[in-house]
Amino acid sequence: MIIGILDIQGAVSEHEVAFERAFMSKNMKGATKLVKTLDDLKDIDGLALPGGESSAISAQLARLGMDKEIHRMVEQGFPIMGTCAGTILLAKRLITDMDEEITVPLGLMDITVKRNAFGRQKESFEHYIEIKNMDEPYGAVFIRAPMINEVGEGVESLAMLNDEIVIARQSNMLAMVFHPELTMDTRIHEMFIDIVLEI
Amino acid sequence: MQKGGVIMDVVTAEQARIAEDAGAVAVMSLERVPSDIRAMGGVARAADPTKLQEILDEVSIPVMAKVRIGHFAEARIWESMGADMIDESEVLTPADPYYHIDKSEFTVPFVCGCTYLGEAVRRIAEGAAMIRTKGEAGTGNVVEAVRHMHLVNQMIENLKIIDDEKLDAVAHTYAKPFGKLEMASRQEWCDDETSADEIVFGGRKMADWKADVKAILIEIRDLGRLPVVNFAAGGIATPADASLMMSMGCDGVFVGSGIFKSSDPKKMAKSIADAVTNFEDAKTLTEVSMGLGNAMPGLDIGQIPEDQILQNRGL
């Protein structure tokens, strides 16, 4: 299995390490591949969109013509995972306080996402959450995190924090507002590997 | 999470808007860009809070703000206002000749400049979450940023081959400046070296600082890089400059005067953002370098009077 990691901006190397550890913990063969261009989207079994600044990533996705191709692939069932900014990019609808929202999401997942919903850097925090089908609580890191406000039919909420959805799945798409790549716990990356195996 | 992106100096909300639209991953709010600070002389302080507020209200990306080296009161203002990161910067006039801010006392993360590995390690020991080269700000001359990045990279290579005894000696040398005040005060009455048991800074003994410095050096040796992100800053004026710094292993780029002192800031901002993302792709770099108009006026480092060299502040 080869998991592509979108290498435009953000926590790219952290996801590489996390997937390598997840493969090891599952005792399976697997590799990661950095995805910088349209061509790199070939020969991967799943794609992770890392956290970073969604406005910067979306501008480059469009410039490189990768937005349309990712959209096409995911519509056909290609597995994709978004963390933080990645979740903003996956959303069909964005809520923003800005006069004009410059992030153009890929519009794939039937969720409404609010950017910077938990506040600024100083409001960043860590919190244990109960994720569906996980035995032990999961320590999640929230940094300038967005929030999944609404989900459409066919989207399953996997965990809540104070009545807000923080991780959700819609068939081949997994989205979360926290940063699983910044902790040693590999269960989220393993969950995505399972989705790739399943599809 | 600014890795792989470009952070742009802005002095107004309008400039912040241009930066965000161009694809900046953060903006740095300040009173004047470095080249204007250089031209005006005098004492450069943290900006008026009103300005930071306008910029915080304008953009959705993180907003950073500069404080003088050692000026923890300025830092408290930015922290209370909700700045996303503080740059303890040599571009402003240093406020403390002996100490940097004890950054471990803040919840807001800090970025600090360095000219070589020892400075980077001291700032990390003090709690910096991000390092950048100092370069020579406001010159539009990339040579000093290149020098600082080379020196950091070279020393990381050296760490891989030295034995524990040498590593200990390096840690001793790198930790020494924490005792600057103690050494200065001792000059008045005796000439002993500061002892390891002496409390020197942040309520901690010299031996504690040395142990921290050594632990960080071991981490750097094992990782083959700094344990925090390391950006390029100081003199970056063109997309090619940005690409050069990224190719040297920087995690991202700060552009100070380079954007809003060029003849077409919008275009320059976008081109530098594109160059950082695609730094290895010569074709893209060529495309985005075309028709940019004039880059900011450049300054030869040799022509700058010694007392106006910013990188020597706060080592």
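The rules behind the values
- Residues numbered from 1 in each chain as written.
- Chains lettered and ligands numbered in written order.
- Predicted model: local features only at pLDDT ≥ 70, side-chain atom pairs only at ≥ 80, totals over all residues.
- Heavy atoms only, no water.
- Axes fitted to C-alpha atoms, helices over the stretch in contact; angles between N-to-C directions.
- Helix = DSSP H or I, 4+ residues; strand = E, 2+ residues; numbered from the N terminus.
- Parallel < 35°, antiparallel > 145°, perpendicular 65-115°, else oblique.
- Left-handed = near helix turned anticlockwise from the far one by under 90°.
- Contact = heavy atoms within 4.5 Å.
- Nonpolar A, V, L, I, M, F, W, Y, C, P; charged D, E, K, R; others polar.
- Salt bridge = Lys/Arg side-chain N within 4 Å of Asp/Glu carboxyl O.
- Pairing = 2+ DSSP bridges.
- Core = buried A, V, L, I, M, F, W, Y, C linked by side-chain atoms within 4.5 Å.
- Buried < 20%, exposed > 50% of the residue type's maximum accessible area, 1.4 Å probe, protein only.
- Expected span 1.5 Å × (residues − 1).
- Domains from an automatic or database assignment.
- Buried area = accessible area lost by both parts, 1.4 Å probe.
- Polar contact = N/O pair within 3.5 Å; in protein donor to acceptor, adjacent residues only side chain to side chain.
- Patch = residues over 30% accessible without salt bridge, like charges linked within 9 Å, V, L, I, M, F, W, Y side chains within 5 Å.
- Areas by Shrake-Rupley, 256 points an atom, 1.4 Å probe, with all protein chains shown as cover.
- Lys, Arg positive; Asp, Glu negative; His and termini not counted.
- Charge placed at Lys NZ, Arg CZ, Asp CG, Glu CD.
- Arc of directions from axis to C-beta.
- Phe/Tyr/Trp six-rings, centres within 6.5 Å; stacked < 30°, edge-to-face > 60°.
- Lys NZ or Arg CZ within 6 Å of the ring centre and 35° of its normal.

Residues and elements named next belong to chain B. Between helix H10 (residues 239-247) and helix H12 (residues 265-277), the least distance of the axes is 8 Å, while the angle of their chain directions is 25°. Judged by the angle between their axes, H10 and H12 are roughly parallel. Handedness of the crossing formed by H10 with H12: right-handed. Each of Pro239, Ala242 and Met246 in H10 lies in contact with H12, whose residues at this interface are Met268, Ser271, Ile272, Ala275 and Val276. Its residues assigned to classes, the contact of H10 with H12 shows seven nonpolar, one polar and no charged.

With that settled, the discussion passes to the environment of Asp9(B). Residue and element names in this part refer to chain B. Here Asp9 is to be found in strand E1 (residues 6-10). For the pair formed by Asp9 and Ala19, sequence separation is 10 residues and the distance between their alpha carbons is 8.6 Å. What Asp9 contacts, discounting residues up to four positions off in sequence, is Gln15, Met28, Leu30, Val33, Pro34, Lys66, Val255, Gly256 and Phe260.

Turning our attention to the pattern of salt bridges. Residue and element names in this part refer to chain B. Counting across every chain of the model gives 37 salt bridges over all chains. A salt bridge links Arg186 to Glu198, with the nearest nitrogen and oxygen atoms 2.7 Å apart. With Arg186 in helix H8 (residues 180-186) and Glu198 in the loop between H8 and strand E7 (199-201), this residue pair connects regions lying 12 residues apart in the sequence. Overlapping salt bridges bring together Arg17, Glu20, Asp21 and Glu58 as one network.

Attention now goes to the sheet that holds strand E9 (residues 229-231) of chain B. Residue and element names in this part refer to chain B. Across the sheet, eight strands lie side by side as E9-E6-E5-E4-E3-E2-E1-E10; this open sheet has parallel pairing. Strands with a single pairing partner mark the edges of an open sheet, and in this sheet they are E9 and strand E10 (253-255). The mean inter-strand angle of the sheet, taken between neighbouring strand axes irrespective of direction, is 30°. Where strand E5 (residues 110-114) meets strand E6 (residues 130-133), four bridges bridge the pair, whose relative direction is parallel.

Here we come to the nonpolar core. Core analysis: the largest hydrophobic core is formed by 64 residues, its most contacted members being Ile131(A), Ile167(A) and Phe178(A). With six residues, the single largest contributor to this core is helix H5 (residues 187-198) of chain A. Filtering out sequence-adjacent residues up to four positions away, Phe178(A) remains in contact with Thr83(A), Cys84(A), Ile129(A), Ile131(A), Tyr138(A), Ala140(A), Val141(A), Phe142(A), Val166(A), Ile167(A) and Ile188(A). By size, the runner-up hydrophobic cluster in this structure holds 50 residues, among which are Val10(B), Ile236(B), Cys250(B) and Phe279(B).

Turning next to H12(B). Its 13 residues give H12(B) an end-to-end C-alpha distance of 18 Å, which sits within 8% of 18 Å, the value for a rise of 1.5 Å per residue. Looking only at H12(B), the buried set comprises Met268(B), Ala269(B), Ser271(B), Ile272(B), Ala273(B), Asp274(B), Ala275(B), Val276(B) and Thr277(B).

Glancing now at the domain arrangement of chain B. Interfaces are often described in size by the accessible area the parts lose on coming together. All names here are of chain B. With domains assigned, chain B is organised as domain 1 (6-156 + 226-308) and domain 2 (160-219). Between the C-alpha centres of domain 1 and domain 2 the distance comes to 29 Å. Listed as interface residues are 17 residues of domain 1 and, on the opposing side, 17 residues of domain 2. Buried area between domain 1 and domain 2, both sides added, is near 1,500 Å², and the carbon and sulfur share of it is 73%. The largest share of the area that domain 1 buries against domain 2 comes from Tyr98, Tyr99 and Arg122, three residues that together contribute 38% of it. For the pair domain 1 and domain 2, the number of links is three residue pairs in polar contact (both at pLDDT 80 or more). Of all the secondary structure elements, the ones that give two or more residues to the side of domain 1 that touches domain 2 are helix H5 (117-126) and helix H6 (143-161). In terms of residues, the side of domain 1 that touches domain 2 owes the most to one element, H5, which gives seven residues.

Residue-level contacts link 24 residues of chain A with 33 residues of chain B. Of the roughly 2,300 Å² buried at the junction of chain A and chain B (both faces included), carbon and sulfur atoms supply 48%. The three residues of chain A that bury the most area against chain B are Arg63(A), Arg120(A) and Lys122(A), which together make up 25% of that side's buried surface. Viewed at the interface, chain B and chain A are joined by five salt bridges. Close ionic contact of Arg63(A) with Asp274(B) constitutes a salt bridge, the shortest N to O distance being 3.5 Å. Applying the counting criterion to the chain A and chain B interface returns 16 residue pairs in polar contact (both at pLDDT 80 or more). Where the side of chain A that touches chain B is concerned, the elements lending two or more residues are helix H1 (12-25) and helix H2 (54-63) of chain A. For the side of chain A that touches chain B, the element with the most residues is H2(A), which contributes four residues. For the side of chain A that touches chain B, the class distribution of residues is seven nonpolar, nine polar and eight charged.

Together, Glu31(B), Asp48(B), Glu54(B) and Asp57(B) make up a negatively charged patch on the protein surface. With respect to the helices, strands and loops of the structure, Glu31(B) is situated in the loop between strand E2 (26-29) and helix H2 (34-40).

By the secondary structure assignment, Ile44(A) is in the loop between strand E2 (31-35) and strand E3 (46-49). Look past the residues within four positions of Ile44(A) in its chain and what remains in contact with it is Ile2(A), Gly4(A), Lys33(A), Val35(A) and Phe78(A).

Here we take up helix H13 (residues 282-289) of chain B. Among the residues of H13(B), those classed as buried are Thr284(B), Leu285(B) and Val288(B). Down the axis of H13(B), the buried set is contained in an arc of 100°. They therefore lie on one face. Exposed residues lying more than 90 degrees from the buried face of H13(B) are Ala282(B) and Lys283(B). Buried-residue contacts for H13(B) involve H2 of chain A together with H10 and H12 of chain B. One side-chain oxygen at the N-terminal end of H13(B) lies 3.1 Å from the backbone nitrogen of Lys283(B); it belongs to Asp281(B).

Residue and element names in this part refer to chain B. Inspection of the entire model under this criterion finds 13 aromatic pairs over all chains. Taken together, a centroid distance of 5.2 Å and an interplanar angle of 75° make the contact between Phe106 and Phe110 edge-to-face. By relative accessible area, which is 11% here, Phe106 ends up buried. For Arg204, the ring lying beneath its charged end belongs to Trp209, and the centroid distance is 4.7 Å.

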